[in-house]
Amino acid sequence: MAGTRLSIAIVGAGMGGLAAASTLRQAGIDVHVYEQAQQFGRIGAGIQMLPNSSRVLRGIGVEQKLRGTAFEPYSHLNRIWDTGEVKRELPMPESLYGAPFLCMHRADLHEALYAVLPPDIVHLNKKLVGLDQVRGQVMLSFADGTKAQADAVIGADGVHSLVREIVVGPDAPLHKGRIAYRAVFDSSLMNGEIEPSRTKWWGPDRHIVIYYTRKDRSQLYFVTSVPEPAEWMTKESWSAKGDVKELRAAYEGFHPEVRMVLDACPDCHKWAILEREPLPRWSDGRVALLGDACHPMTPYMAQGAATSIEDAAVLARCLKAMGNDDIEGAFRLYEANRKPRTSRIQAISSANTWMSGGNEDTSWLYGYDAWTVPLDGLKLPESAT
């Protein structure tokens, strides 16, 4: 294969899959993305891109587009649920970690990542049903009866990943009895304004995070975590409708700013918060996992999509460094460099202790640069990294 252009198929066109498509193309790799959805929808949800992920977005070439519409919070603010007392506040100007803190609608980020790709490399309505590795190639089979072939496959197909089942065997994600309610709605529905920060209100057994998703503060978003069973959960339940009355009752007694937001909220969605223990391995031969497919985590550190975007940059660097002749070695190098970090984030996020108080160092998380961090274990001259 030396001297030939490597081809990689990415399963899943979420944030991680689209980011990987861009980073791999930058590394000179021929990429095709296969997505089971028939079209991309604008489901009501916000997303935070903290400096560690917005730095990758800069390298992909979408930072400026996003900054045209995204809200840049003053700080990472944590307050007590009823009194509003500040537990910890971290002002986050761009100068702090060399990249911005951006809050936006998830669809705006997705559209930006999609817009920088040639439209003909993203294939919709392609539900994966099987993978076969034969003679240095991977054959993908889809529910519509079609097939595709590539030198390697990246499974970026989320928490219910079929590619992961193929790599490590069937298992079930963990639901620890927490439900998230969420909504995006027009700020004009409120009878006041929220903080110009991304604010997390910490209650005894529940919390709510609130922030604007538009630069002009015309829309805002909240996401909660409450103890609630999930018998209703299905694999497609990410966009299930929630009951606003139940939501408001769950936050009775919270600070007036929280109550103002919930009283103005016209409707909401809910989803079960799912996570997994770190996997024993992220690849099998020429098939590797990325993002939620290998390290799904609670949303409590706003690092789910962020770590998948980091994965994309490091994966591309590993493939470029190892060359076309050692795809399996590149995948092992990628796992060795990403798994310790994502496992650490998974554990802290699961415990829901991040920024709850104290003054712990945040630079290891937000100061991380996926484009330049040394690739541990790379047996090549330093110039290749």
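Residues numbered from 1 in each chain as written. Predicted model: local features only at pLDDT ≥ 70, side-chain atom pairs only at ≥ 80, totals over all residues. Heavy atoms only, no water.

Caption draft 1: Structural context of the pairing of strand β14 (residues 207-212). For β14, the tally of buried residues reaches six of six residues, placing the bulk of the element in the interior. Here β14 shows two buried faces, one formed by H207, V209 and Y211 and the other by I208, I210 and Y212. Relative to β14, strand β13 (residues 198-202) is paired through four bridges, and the arrangement is antiparallel. Across the sheet, the residue bridging to K200 is V209, located in β14. The pairing of β14 with strand β15 (residues 219-227) spans six bridges and is classified as antiparallel. For V209, the partnering residue across the bridge sits in β15 and is V223. (Buried < 20%, exposed > 50% of the residue type's maximum accessible area, 1.4 Å probe, protein only. Helix = DSSP H or I, 4+ residues; strand = E, 2+ residues; numbered from the N terminus. Pairing = 2+ DSSP bridges.)

Caption draft 2: View of the packing of aromatic side chains. Inspection of the entire model under this criterion finds eleven aromatic pairs. Centre to centre, the rings of F71 and Y212 are 5.3 Å apart; their planes meet at 70°, and the pair counts as edge-to-face. Highlighted residues: F71 in the loop between α3 (63-67) and β4 (75-80) and Y212 in strand β14, separated in sequence by 141 residues. You can call F71 buried: its relative accessible area is 3%. Each ring, one from W354 and one from Y366, has its centre 6.1 Å from the other, and the planes form 75°; the classification is edge-to-face. Residue W354 is found in the loop between α10 (327-351) and α11 (363-366), and its partner Y366 is found in helix α11; the two are separated by twelve residues along the sequence. Judged by its relative accessible area of 0%, Y366 is buried. By way of ring pairs, the aromatic residues Y97, W354, W364 and Y366 are connected into one cluster. Positioned over the ring face of W202 is K200, at 3.9 Å from the centre of the ring. (Phe/Tyr/Trp six-rings, centres within 6.5 Å; stacked < 30°, edge-to-face > 60°. Lys NZ or Arg CZ within 6 Å of the ring centre and 35° of its normal.)

Caption draft 3: Just helix α9 (residues 304-322), in detail. Over its 19 residues, α9 runs 27 Å from end to end, which matches the ideal 27 Å to within 8%, given 1.5 Å per residue. A positive backbone phi angle near 85° is found at G323, which sits one or two residues after α9. (Expected span 1.5 Å × (residues − 1).)

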